[in-house]
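Observations on the model geometry
Each chain, letter by letter, is given below.
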Amino acid sequence: MTSDALFQSILEDTRALLQRDRNPRKNTIALLPETAALLEGPILDQPGKAPTDTPATSTPPRPADMSGPATVVEPDLGGAIDALRLEVSGCTKCGLCKTRKQTVFGVGNLNADLVFVGEAPGADEDRLGEPFVGKAGQLLTDIIEKGMLLTRNDVYICNVLKCRPPDNRDPQPDEVAQCEPYLIRQLELIRPRVICALGRHAAQTLLKTTESTGKLRGTWHNYHNIPLRVTYHPAYLLRKPEDKRKTWDDVKQIMKVLRGEESPAI
Ligand code: SF4
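Now for a quick tour of the structure. (Residues numbered from 1 in each chain as written. Predicted model: local features only at pLDDT ≥ 70, side-chain atom pairs only at ≥ 80, totals over all residues. Heavy atoms only, no water.)

Comments concerning helix α7 (residues 200-207)
Filter applied, for reference: Any residue under 20% of the maximum accessible area for its type is buried, any over 50% is exposed, and the rest in between are partly exposed; the area is computed with a 1.4 Å probe on protein chains only. Numbering goes from the N terminus for both helices and strands, where a helix is a DSSP run of H or I of at least four residues and a strand is a run of E of at least two. In this analysis, two residues are considered to be in contact whenever any of their non-hydrogen atoms come within 4.5 Å of each other.
The element α7 is extensively covered by neighbouring structure, given that seven of its eight residues are classed as buried. Among the residues of α7, H201, A202, A203, Q204, T205, L206 and L207 are the ones counted as buried. Tucked into the core, α7 has its buried residues touching β4 (114-118), α6 (173-190), β6 (194-198), α8 (213-216), β7 (220-223) and β8 (226-231). One or two steps after α7, the chain reaches K208, where phi turns positive at roughly 55 degrees.

Here it is in structure tokens:
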């Protein structure tokens, strides 16, 4: 195949990929480094184009007939998340590093439209290194699978704190202050269409408020231009199952936005 034909073929494949995955609230897609390199070479090696040492995050030219928002290629979202995960795994910024078995970074789809943010790992999560794997985690899985008709692999799940507070006590303000930058970076990288804050600590951290979950739920909030919904933490719902109905109401509102049926004014 000539280099011109190869270039056209890559453009056609890329156009199909972008049109398939086009999402009005996202301006990035994840590509394997090899794919990004393949794209970068033919595009940037064209006469008059930028030199080939241009960083892989540069924006490739758009096909002339492609409508819709410009798409910036994020060549290694997975690499950026892995680097952050590695940084967190060695973190000693607060005292929880002394009592944790391991850090609990986050799990799920890096291109997720929906991110759940909880409070902190519990004993099961500390042991297994994955968020929401105990009884509360099973309830969250039920909410995702039975309520939303999604799978855990469709969403991303993480916590405000990446290390377990001893005896599952509440996170302390200094611990939240030290750990929150990791959460902010996670959300910046994943940039979901909707965030669901599970419980008071997640909601108060993300929204910088002292209001209760009861006062914060039932409406849309704005987290750096991402619609955010507050609902009850699954651990609370295990203690107060009568409030599951309210969480179901929250889930329905989230699904309307994810399905494009509603666009919250935030
Ligand atoms: S809770 Fe966060 S800030 Fe504290 S040691 Fe763990 S990762 Fe670091």
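The discussion continues.
A short note on the pairing of β7
Formally: Pairs of strands are assigned from DSSP output, requiring at least two bridges between the strands.
Judged from the four bridges that link them, β7 and β8 form a sheet pairing that is antiparallel. Paired with W220 across the two strands is R229, which belongs to β8. Remark: two residues form the turn of the hairpin made by β7 and β8, two consecutive strands paired antiparallel; H224 in that turn has positive phi of roughly 50 degrees.

With respect to the side chain of D126
Inclusion rule: A positive count includes Lys and Arg, and a negative count includes Asp and Glu. His and the chain ends are not counted in either. Here, a salt bridge means any side-chain nitrogen of Lys or Arg that lies within 4 Å of a carboxyl oxygen of Asp or Glu.
As for its position among the elements, D126 is in helix α4 (residues 123-128). The side chain of D126 sits in the buried core without any salt bridge; K101 is the nearest counter-charge, 4.3 Å away.

What about the site of the ligand?
As a reminder of what qualifies: Nearness is defined per residue: one heavy atom within 4 Å of the molecule or strand is enough. Only Asp, Glu, Lys and Arg are considered charged, only Ala, Val, Leu, Ile, Met, Phe, Trp, Tyr, Cys and Pro nonpolar, and every remaining residue, Gly among them, polar.
As a matter of local geometry, the ligand sits amid C91, K93, C94, L96, C97, R100, K162, C163, Q178, C179 and Y182. When its residues are assigned to classes, the shell around the ligand shows seven nonpolar, one polar and three charged.

Observations regarding the nonpolar core
So the rule is basically this: Nine residue types can take part in a nonpolar core, namely buried Ala, Val, Leu, Ile, Met, Phe, Trp, Tyr and Cys, and a core is a set of them joined through side-chain atoms within 4.5 Å.
Within the largest apolar cluster, 35 residues are counted, with the highest numbers of intra-cluster contacts made by V117, L187, I195, L206 and L228. Of all the secondary-structure elements, those providing two or more residues to this core are α3 (77-89), β4, β5 (156-159), α6, β6, α7 and β8. For this core, the leading source of residues is α6, giving seven residues. If we skip the residues at most four places from it in the chain, L187 touches V115, V117, P192, I195, L206 and Y223. In terms of nonpolar packing, the next biggest core, distinct from the first, is built from 21 residues, F116, F132, I157 and M255 among them.

So, the sheet that holds β7
Filter applied, for reference: With axes taken as lines fitted to C-alpha atoms, and helix axes fitted only over the stretch in contact, angles between N-to-C directions fall between 0 and 180 degrees.
Taken in spatial order, the six strands of this open sheet run β3-β5-β4-β6-β8-β7, and their pairing is mixed. Strands with a single pairing partner mark the edges of an open sheet, and in this sheet they are β3 (107-108) and β7. Across the face of the sheet, α6 comes into contact with β4, β5, β6 and β7 while running at roughly 165 degrees to β5. With respect to the sheet, α7 is in contact with β4, β6, β7 and β8, its orientation differing from that of β6 by roughly 130 degrees.

Section: the packing of α3 against α6
The condition is simple: Our angle categories are set so that under 35 degrees counts as roughly parallel, over 145 as roughly antiparallel, 65 to 115 as roughly perpendicular, and the remainder as oblique.
It is the contact of α3 with α6, at a shortest axis distance of 10 Å, that shows an interaxial angle of 170 degrees. Taken as axis vectors, α3 and α6 run roughly antiparallel relative to one another. Across from L77, A80, I81, L84, E87 and V88 in α3, the residues of α6 making contact are Y182, R185, Q186, L189 and I190. The class makeup of the residues in the contact of α3 with α6 is eight nonpolar, one polar and two charged.

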